[in-house]
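What follows is each chain in one-letter form.
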Amino acid sequence: MKPLSRRDFLKASALSMGAVVISTGLAGCLSSSDDDDRSVAFTHGVASGDPLQDGIMLWTRVKPENADPVTVDWEVATDAGFSSLTHSGSTQANAAHDFIVKVDVRNLAPGQTVYFRFWAAGKTSPTGTTRTLPAGDVSEVSFAVMSCANYPAGYFHVYAEAAKEEKLDAVIHLGDYIYEYGAGGYATEDAEALGRTLPADNSNELLTLADYRKRYALYRSDPDLQNLHAAAPFISVWDDHEVANDAWREGAENHNADEGDYTARKLGALQAYFEWTPIRPVSEGNESVIYRSFNFGNLVSLHMMDTRIIGRDEQLSYANYLTGSGIDSARFTADLTDSNRTMLGAEQLGWVQNAIGGSTATWQVLGQQVLMGRMNLPAELLSGFLNPSPAILSLFQELAILKTRYLQGDPSLTAGEIARVETVLPYNLDAWDGYVYERETLLETARATNKNLVVLAGDTHNAWASDLKTVGGEQVGVEFATSSVSSPGLEEYLGLPEDQIAGAEQAIALLVDDLKYVNVNQRGYMMVTFTPDEARADWRFVSTIKDRDYGLDTARAQSLTTLPGAGNRKIVIGGSGSTTPTS
């Protein structure tokens, strides 16, 4: 099986390019009225994304009564009443591009808020609000950060809450925007009761372009997701489920030989992604593929990375290192630390190093998928993670007590007890813990260039905050990781009952050295706010995703802060951040 080349990625993106038009200002007479006798609907709302200082991508989809092309007009204005138009134009939506229209609006001003809408056959789309990137001196930037939305698993209340944020410069979506599983697959057990079953013509696992398109159409029919897309620009990147679970450069855990050619599946999945998200298509001469930077004046340089599809070597598996007496630690360590082992690929690694080193913004922010913080747990816990059972709860408590005594310098600890807390292994080899050389390269880049590093992560379905340190122990930055929109977290995977959640969270935070905060059982998102003086993460959690009636769980909301400058760059306890719940 050959890996996807740059040409393959360009092909996947280019196949969506026919849906894209460029708008530089006002056009002449619009022409959608020519189709007034047709029946059409804007059933998937509107969206915007990939902001520039002078531009923004707009998106919509027309649902026609038949497969004939539809004329679609657009308008952009500086006021919600559309009395002060800045841009307008017409294009054709057709079946070749799933009746999607993407407009690359240019000649806007930096930091400008604009309103947009579409017209077709006498029908008007919802109105969207969006904004361009600011320039010059910027005092504050706020992002809503989220990932992992599984439609059958529960309602998208997280999207609804994010849409209510009063100040929102952009939504950063870190992937798993859709899930590829079929009916009866992962997290679908409540789908029928919730009224969120997969439709009959899209109820199997996704394999073809048509399959992926239909799944995006289902997700984008959700009113909460539509409202968020209409409220702010998205800056997005894919994770694995946009293709298949635990994807890597040449395959995926959830792709079998009887499911056809993986490269063809991947190309179809990525084409659908470029079509259905408000992202600019890749073209020859654009060396970033999907990894790209967004500069919010002199305050934030946001570097969006692909840790999943382009360069990733296959994940290591502990099962391949088991012997009759345990793990072959020498062979495992050699493979784990192999300097040729890559998650990003040489080209992307060089790009992000240059992007960090060349930026003069106060904050260097990496938007990417998987946890970068070291998540080393006592080795004897690994079997419990790999084969969860209720017994893991008592083991957590036992090891937490030993770790507390160890940190307090208890002289009564035996050599065997010390070994139990000192013998640690990474629990998730799908994350950066499975690609340690390249992680160290990035952390050393931040250290050597003296930059203020904040890493944003998703993927795990749980909320985390960690200090980021080099292998030599030097503090270089922090990681803020968001919970999921609807996918279940460790509470389900480990079978944690409600009354054991607090104890499990305390034990995990104690056992993992650089971990400062964890929430293992709630769905939510992060608001991350940057000023010249601090970067603050505010975790917001919804009370439930299994009922239409819900609220924000203010009792377990959390805020943590990091400060810029050498000697800082770590999770701050106290100050404007807090390690205790805020209400």
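Along each chain, residues carry numbers from 1 onward, in the same order as the chain's sequence is written. The predicted origin of the model limits local features to residues at a pLDDT of at least 70 and limits the giving and counting of side-chain atom pairs to 80 or more, whereas totals for whole chains, interfaces and linings rest on all residues. Only hydrogens and water are removed before side-chain values are computed, so all heavy atoms of the structure are retained for them.

### Quick notes on the overall build of the protein chain
Put simply, the test is: Runs of E in the DSSP output that reach at least two residues are strands. Runs of H or I that reach at least four are helices, and both are numbered from the N terminus. Radius of gyration means the value over C-alpha atoms here, while the globule rule gives 2.2 Å times the residue count to the 0.38 power. Should any heavy atoms of two residues lie within 4.5 Å, those residues are considered in contact. Residue burial considers only the protein chains on display, and all accessible areas are found by Shrake-Rupley using a 1.4 Å probe. In this charge count, Lys and Arg are treated as positive and Asp and Glu as negative; neither His nor the chain ends contribute. Here the site of a charge means NZ on Lys, CZ on Arg, CG on Asp, or CD on Glu.
Within the protein chain one finds 14 helices and 31 strands. For 583 residues, the compact-globule formula gives about 25 Å, and the C-alpha radius of gyration of the protein chain, at 24 Å, lands near that figure. Sequence separation of 24 or more characterises 74% of the internal contacts of the protein chain that already satisfy a separation of 6 or more. Carbon and sulfur atoms provide 50% of the accessible area of the protein chain, an area that totals close to 21400 Å². The centroid of the 45 positive side-chain charges in the protein chain is displaced by 3 Å from the centroid of its 76 negative side-chain charges.

### A look at the environment of Pro152
Among the structural elements, Pro152 can be located in the loop between strand 12 (141–146) and helix 2 (157–163). Considering only alpha carbons, one finds Pro152 and Val101, 51 residues apart in sequence, at a separation of 27 Å. Every residue in contact with Pro152, bar those within four places of it in the chain, is listed here: Ala187, Thr188, Asp190, Ala191, Leu194, Arg196, Leu198 and Tyr219.

### Remarks on the side chain of Glu534
Applied cut-off: Throughout, exposure labels follow a simple rule: accessible area from a 1.4 Å probe, protein chains only, divided by the maximum for the residue type, with under 20% read as buried, over 50% as exposed, and the rest as partly exposed. As used in this structure description, the phrase polar contact means that two N or O atoms lie within 3.5 Å; if the pair is within protein, one of them must be able to donate a hydrogen and the other to accept it, and residues adjacent in sequence are counted only when both atoms belong to side chains.
With respect to the element layout, Glu534 can be found in the loop between strand 28 (524–530) and strand 29 (535–541). The class of Glu534 is buried, set by a relative accessible area of 15%. A polar side-chain atom of Glu534 sits 3.4 Å from a polar atom in the side chain of Arg536.

### Observations regarding the nonpolar core
Note the following rule: Nonpolar cores are built from buried Ala, Val, Leu, Ile, Met, Phe, Trp, Tyr and Cys residues. Side-chain atoms within 4.5 Å join them into one set.
Among the nonpolar cores identified, the biggest contains 88 residues, and Phe143, Val300, Leu302, Leu456, Phe480, Phe530 and Trp539 are the most heavily contacted of them. It is helix 6 (residues 262–276) that provides the largest number of residues to this core, a total of 7 residues. Counting residues in each nonpolar core, the second largest holds 58 residues, with Met372, Leu382, Leu443 and Ala504 among its members.

### Quick notes on the pattern of salt bridges
Note the following rule: By definition here, a salt bridge exists when the distance from a side-chain nitrogen of Lys or Arg to a carboxyl oxygen of Asp or Glu is within 4 Å.
As enumerated under the stated definition, the model contains 34 salt bridges in all. Notably, a salt bridge pairs Glu275 with Arg213, separated by 2.7 Å at the nearest N-O pair. With Glu275 in helix 6 and Arg213 in helix 4 (residues 209–219), this residue pair connects regions lying 62 residues apart in the sequence. A salt bridge links Arg536 to Glu534; its shortest N-O distance comes to 3.4 Å. According to the relative accessible area criterion, Arg536 is partly exposed, its value standing at 24%.

### Regarding the sheet that holds strand 26 (residues 475–481)
Convention followed: We treat two strands as partners when DSSP finds at least two bridges between them. Every angle, taken between N-to-C directions, lies between 0 and 180 degrees, and every axis is a line fitted to C-alpha atoms, over only the stretch in contact when it is a helix.
Here we have 7 strands laid out as an open sheet, ordered 17-18-21-24-26-25-27, and mixed in their pairing. Looking at which strands have only one partner, the edges of the open sheet turn out to be strand 17 (292–296) and strand 27 (515–519). Between one strand axis and the next, the sheet turns through 20 degrees on average, direction left out of account.

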